[in-house]
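If you want the building blocks of each chain, they are given just below.
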Amino acid sequence: MTFARRNSDDPGIEEQDPLRVVGDTVATHCRICEALCGILVETDGDQVVAVRGDPSDPVSAGYTCPKGRSLGLLHHDPRRYDAPLLRRNDDLTPVSWEALIGDLDGALRAIIDDHGPDAVGIYSATAAAFDANGKRAAERWHRLIGSKSKYSSGSIDTPCKPMVAEMMTGFAGSVPAIDRENPGLVLLVGINPVVSHGHLNAFPNPVVAIRDLTELGEVWVLDPRTSETAQLATRHIAPRAGTDWAVFAYLVRELLIEGADHPYLAEHADGLSRLAEAVAPYDLTTVGTFADVAPADLVDLLEAIRRHGRVAVQTGTGVTMSAAANLTEWLTWALQIVTHSFDVPGGSWFHPGFLRSLDERRFSPGVGGAEPGPDSRPELPRRLGEYPVSAMLDEIESGNLKALFVLGGNPITAFPEADRTRKAMEQLDVLVVADIFTNQMTRYASHVFACTDQLERSDLPHFIDQFLPIVMTKHARAVVAPKADRKPMWWPFAALGERWGLNVLGDDLTADSATDDDLLRKIGDRSRSDYETIKNQRVVIHTPSQIFGWLHAQVLPEGKWRIAPEPLVEQLAEMSTDPTGLVLIPHRQMRHLNSVFIPTGRTDSAGILIHPQDASTSGIEHGDAVLVRSASGAVEGRASITESIRPGAISLPHGFSETNVGALTSTTVGVDALTGMVLQSGLPVSVERLGDDGD
Ligand SMILES: Nc1nc2c(c(=O)[nH]1)N[C@H]1C(S)=C(S)[C@@H](COP(=O)(O)OP(=O)(O)OC[C@H]3O[C@@H](n4cnc5c(=O)[nH]c(N)nc54)[C@H](O)[C@@H]3O)O[C@H]1N2
Ligand SMILES: Nc1nc2c(c(=O)[nH]1)N[C@H]1C(S)=C(S)[C@@H](COP(=O)(O)OP(=O)(O)OC[C@H]3O[C@@H](n4cnc5c(=O)[nH]c(N)nc54)[C@H](O)[C@@H]3O)O[C@H]1N2
Ligand code: SF4
Ligand SMILES: [Mo]
């Protein structure tokens, strides 16, 4: 089976002028989100004049969103960090990089001497994932100092996905992707690619992508909100928030009775009878009532699956942040396995990666087990070499964590218990913020690494290209020289390492002699191609001989899915189908990414979406000041009354410092036992109108 994409064989893509420098225009790609849209950056000397979509990009095809087009303004924004900063007598002062590293060296040595290396933590967050060299150097430095205190934003985003993948296939990096060439029935559950451009799997040019899927097949959306994606779907079902797991239990139950591929299952699934027992209670009446969906809608969905025979499911944060995240993820996989939809045309393929060629590896299957958490929260699981973020505040408060490096992240808006997070940041002896922009973290930083932005550094999408819709990689070269005294994020880690006799960059590379290219070469040369080719071609597409089937052949233990992992069966047995009261759910907006300020001109606001029925019960009118309370805290905001959200759920985006949804979430209440994930979707809340004077 070959995998030729409709536009991947567009003549010229691979032969085009490598760097495509047209006058002062450079072709590169945006690295704000996983869509990695091709962009053309126009410069005039040091000035970035304009950023627009690159029509020749094989997947984004000229599409960009307002964030990408604002990269030039971001590059020149006066609130950017231009030089390293050191806190002296309460003030952050610009210093030389040497002075900053010298001070940090002394402070970290003292901490390690007194408390050991585990007292030094790193939090590798969203922007670090798009800085291949920076992330690799930071993580290598941290490994070399011997610390176990590693955290990442993955643990407050989607820890269920790698865990369920490992439990069911043996490999945490198994990520199913829709067969977009030959789609049948596609289910999008708690994901809104038209705004987010995907969750794990990227959706560049999303409106066109969804339209293609609806024209070639059908797209059904499950979302308590009439999201922008739901508006384009073949069919939209709006179950009560947090009930998806029961919908999938019902579908699996019914398909096992009629519609499953039993001959395939006999050969390729372990634990089928355990699965059948586990889903047996979830009949139409029980699930229809619990999910508050008309039984006819559920039957229609079931019939659509039977009609197509196969189904491809993609989930997003509406699922991964819910209390039943693990169960929904598991049952969507179970649905796809019982219908023989995985690793076959018309269903989903598993991306073999470009920079990391997964299909050429030898796998030793894992079981999805975990190690104990850190000393202050041993009950929390350590997975894939990381502690969950839900443990970090206790680690700081108990004095176990004394120094923290925040790499391209913003705990104050991303973590639960926003006030407690602020206090914890204050309590640290050393807080290194590696960022490009002044934000809520600045006032707590003891040391600031003023990092180069994406237009100032070269890059490869290491660990990201495997989420693109085709097997390809892209090289980004620096478009402009680093402004002022900004340095690449890898530099301070290399320099610190050198002071301690640690070889962070490998070979004989040193902080002062190495370039972005030298470091990227190590990634590119281990890929399906080599660095020089990738750099020269800029966009390299790989047409694998076998896109379907490699997971069965190389990953699955003895060619079999573990279809009913015991920890998940046990979690399912504990679930209740009693309807919940009002809950909070997340949603994302087009003009900002998490807390990242991007000067798009118009900004999104933190309005609290509320259905007219819930608003009238609480006497709330559009634009009223309201107070939202959870078991852990309260936050004020403005009501935005809309029919687009179903009754029983309100929605507030995260990433805002005033209306900070982190005030409502918790590091203990609702934290998942298997992943340590914080409950961020389906969180019980109440809402009340505030008086005109705000009380
Ligand atoms: N423009 C923009 N793009 C982004 C980001 C951003 O902030 N802005 N953030 C990036 C990041 S870090 C991530 S992780 C991804 C996330 O990408 P997505 O997961 O696609 O995130 P959302 O766009 O919030 O879509 C989640 C959807 O889940 C729905 N939902 C909420 N609760 C439930 C539920 O219980 N059941 C179901 N079925 N649906 C539910 C919400 O209404 C919403 O439409 O987006 C990335 N891209
Ligand atoms: N209640 C609630 N909480 C949530 C969520 C939710 O939906 N609801 N979403 C969760 C999710 S999915 C995520 S991923 C996390 C996000 O959590 P984080 O990753 O911690 O937060 P971001 O706001 O994405 O922070 C990105 C930072 O990177 C900086 N930055 C931008 N470009 C660069 C660069 O090139 N280099 C460097 N070094 N820095 C750069 C930005 O200025 C910003 O400070 O939040 C999580 N928290
Ligand atoms: S969708 Fe927007 S932010 Fe994401 S890569 Fe494309 S232009 Fe950049
Ligand atoms: Mo995320």
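The model shown is predicted, which means the values in this text are computed figures rather than measured ones.

Caption draft 1: Spotlight on the overall build of the chain. Helix and strand counts for the chain stand at 23 helices and 31 strands. Taken over C-alpha atoms, the radius of gyration comes to 25 Å for the chain, in line with the 26 Å a tight globule of 695 residues would show. Structurally, the chain occupies a C-alpha span of about 70 × 65 × 45 Å along its principal axes. Counting the 695 residues in the chain, one finds 62% classified as buried. Partitioning the intrachain contacts of the chain with sequence separation of at least 6 by distance along the chain shows that 75% fall at a separation of at least 24. Of the roughly 25000 Å² that the chain leaves accessible, carbon and sulfur atoms contribute 49%. Here the chain holds 62 positive side-chain charges and 93 negative ones, and the gap between their average locations is 2 Å.

Caption draft 2: Up close: the site of ligand 1. Neighbouring residues of ligand 1: 31 residues in total, closest Ser196, Asp223, Thr317, Gln589 and His592. In this structure, Gly190 approaches ligand 1 through a main-chain N or O atom, which is 3.3 Å from an oxygen atom. Across the complex, the protein chains shield 95% of the 920 Å² of accessible surface that ligand 1 would expose by itself. Grouping the constituent residues of the shell around ligand 1 by class yields 10 nonpolar, 15 polar and six charged.

Caption draft 3: Spotlight on empty space enclosed by the protein. One pass over the full model with this rule turns up four cavities of 30 Å³ or more. Roughly 90 Å³ of volume is contained in the largest cavity. As for the largest cavity, its lining consists of 13 residues, of which Cys30, Cys33, Cys37, Cys65 and Gly68 are closest to the centre. Tallied by class, the residues present in the lining of the largest cavity amount to nine nonpolar, three polar and one charged.

Caption draft 4: How the structure looks around the layout of surface pockets. Approximately 430 Å³ is the volume found for the second largest pocket. Lining the second largest pocket we find 22 residues, and of these Gly242, Trp245, Ala323, Ala324 and Met575 sit closest to its centre. The residue makeup of the lining of the second largest pocket, split by class, is 11 nonpolar, eight polar and three charged.

Caption draft 5: Summary view of helix 7 (residues 206-216). Within helix 7, burial applies to Pro206, Ala209, Ile210 and Leu213. Down the axis of helix 7, the sector holding all buried residues measures 95°, keeping them to one side. Considering only its buried residues, helix 7 is in contact with strand 8 (176-178), strand 9 (185-189), helix 6 (193-196) and strand 12 (218-222).

Caption draft 6: Focus on the sheet that holds strand 13 (residues 235-237). Reading across from one edge, 13-12-9-15 is the order of the four strands in this open sheet, with parallel pairing throughout. Since the sheet does not close on itself, it has two edges, and those belong to strand 13 and strand 15 (311-315), each with one partner. Neighbour to neighbour, the strand axes of the sheet diverge by 20° on average, direction disregarded. Relative to strand 12, strand 9 runs parallel, the two being bridged by five bridges. Looking at the pairing, Leu185 lines up with Glu218 of strand 12. Here helix 12 (residues 295-308) sits on the sheet and contacts strand 9, strand 12, strand 13 and strand 15; the angle it forms with strand 12, its principal contact strand, is near 145°.

Caption draft 7: Focus on the packing of helix 5 (residues 160-169) against helix 14 (residues 325-338). Remark: helix 5 packs on helix 14, axes separated minimally by 9 Å, with the N-to-C direction vectors making an angle of 45°. What the angle tells us is that helix 5 and helix 14 run oblique. Two packed elements cross with a definite hand, and for helix 5 against helix 14 that hand is right-handed. Where helix 5 abuts helix 14, its residues Cys160, Lys161, Met163, Val164, Ala165, Met168 and Thr169 lie against Ala325, Asn326, Glu329, Trp330, Trp333, Ala334 and Ile337. Per-class residue counts for the contact of helix 5 with helix 14 are 10 nonpolar, two polar and two charged.

Caption draft 8: Spatial organisation of the packing of aromatic side chains. By the definition in use, this model includes 19 aromatic pairs. Summarising the aromatic geometry, the rings of Phe405 and Phe493 are spaced 5.4 Å apart at their centres and angled 45° between planes, so their arrangement reads as tilted. Of this pair, Phe405 sits in strand 19 (residues 403-407) while Phe493 is found in helix 18 (residues 490-499), placing the two residues 88 residues apart along the sequence. The same class applies to Phe405 as to Phe493, namely buried. Grouping aromatic residues by their ring pairs yields a cluster made of Trp97, Trp141, Phe405, Phe449, Trp491, Phe493 and Trp500. The ring of Phe203 has Arg180 lying over it, and the distance from NZ or CZ to the ring centre is 4.3 Å.

Caption draft 9: Expanded view of the sheet that holds strand 31 (residues 686-689). Spatial ordering of the open sheet is given by 30-25-29-26-28-27-31, a layout of seven strands whose pairing is mixed. Among the strands making up the open sheet, the edge pair consists of strand 30 (683-684) and strand 31. Here strand 26 (residues 608-610) pairs with strand 29 (residues 649-651) via two bridges, running antiparallel. Across the sheet, residue Leu609 finds its bridge partner in strand 29, namely Ser651.

Caption draft 10: Region of the structure containing the side chain of Asn133. Counting through the fold element by element, Asn133 comes out in helix 4 (residues 132-144). Exposure remark for Asn133: the relative accessible area of 3% places this residue in the buried category. Residues in contact with Asn133, not counting those within four places in the same chain, are Ser458, Asp459, Trp490, Asp516, Leu519, Leu520 and Ile523.

Caption draft 11: Representation of the environment of Thr510. By secondary structure assignment, the location of Thr510 is in the loop between helix 18 and helix 19 (516-524). Relative accessible area serves as the criterion here: at 33%, Thr510 is assigned to the partly exposed category. A C-alpha to C-alpha distance of 33 Å links Thr510 and Ile541, two positions 31 residues apart in sequence. In this structure, Thr510 is in contact with Glu498 and Leu505, ignoring residues within four places of it in sequence.

Caption draft 12: Region of interest: the site of ligand 2. As a matter of local geometry, ligand 2 sits amid 28 residues, with Tyr123, Thr126, Asp435, Asn439 and Ser595 nearest to it. Between Arg588 and ligand 2, the recorded distance is 3.1 Å, taken from a side-chain N or O atom to an oxygen atom. The contact in question runs from a nitrogen atom of ligand 2 to an N or O atom on the side chain of His654, over 3.2 Å. Across the complex, the protein chains shield 94% of the 920 Å² of accessible surface that ligand 2 would expose by itself.

Caption draft 13: Structural context of unusual backbone geometry. Positive phi outside glycine occurs at Asn89, with the angle close to 45°. Classification of Asn89 as exposed rests on a relative accessible area of 74%. Located in the positive-phi region is Ala484, a residue other than glycine, with phi close to 45°. Looking at where Ala484 falls in the secondary structure, it is placed in the loop between strand 22 (472-474) and helix 18.

Parameters and conventions
- Residues numbered from 1 in each chain as written.
- Chains lettered and ligands numbered in written order.
- Predicted model: local features only at pLDDT ≥ 70, side-chain atom pairs only at ≥ 80, totals over all residues.
- Heavy atoms only, no water.
- Helix = DSSP H or I, 4+ residues; strand = E, 2+ residues; numbered from the N terminus.
- Rg over C-alpha atoms; globule rule 2.2 N^0.38 Å.
- Buried < 20%, exposed > 50% of the residue type's maximum accessible area, 1.4 Å probe, protein only.
- Contact = heavy atoms within 4.5 Å.
- Areas by Shrake-Rupley, 256 points an atom, 1.4 Å probe, with all protein chains shown as cover.
- Lys, Arg positive; Asp, Glu negative; His and termini not counted.
- Charge placed at Lys NZ, Arg CZ, Asp CG, Glu CD.
- Near = heavy atom within 4 Å.
- Polar contact = N/O pair within 3.5 Å; in protein donor to acceptor, adjacent residues only side chain to side chain.
- Nonpolar A, V, L, I, M, F, W, Y, C, P; charged D, E, K, R; others polar.
- 1 Å grid on protein atoms, 1.4 Å probe; cavity = no way out; pocket = protein on both sides within 12 Å on 5 of 7 lines; lining within 4 Å.
- Points joined across faces, edges and corners; volume = space filled by probe spheres on them.
- Arc of directions from axis to C-beta.
- Pairing = 2+ DSSP bridges.
- Axes fitted to C-alpha atoms, helices over the stretch in contact; angles between N-to-C directions.
- Parallel < 35°, antiparallel > 145°, perpendicular 65-115°, else oblique.
- Left-handed = near helix turned anticlockwise from the far one by under 90°.
- Phe/Tyr/Trp six-rings, centres within 6.5 Å; stacked < 30°, edge-to-face > 60°.
- Lys NZ or Arg CZ within 6 Å of the ring centre and 35° of its normal.

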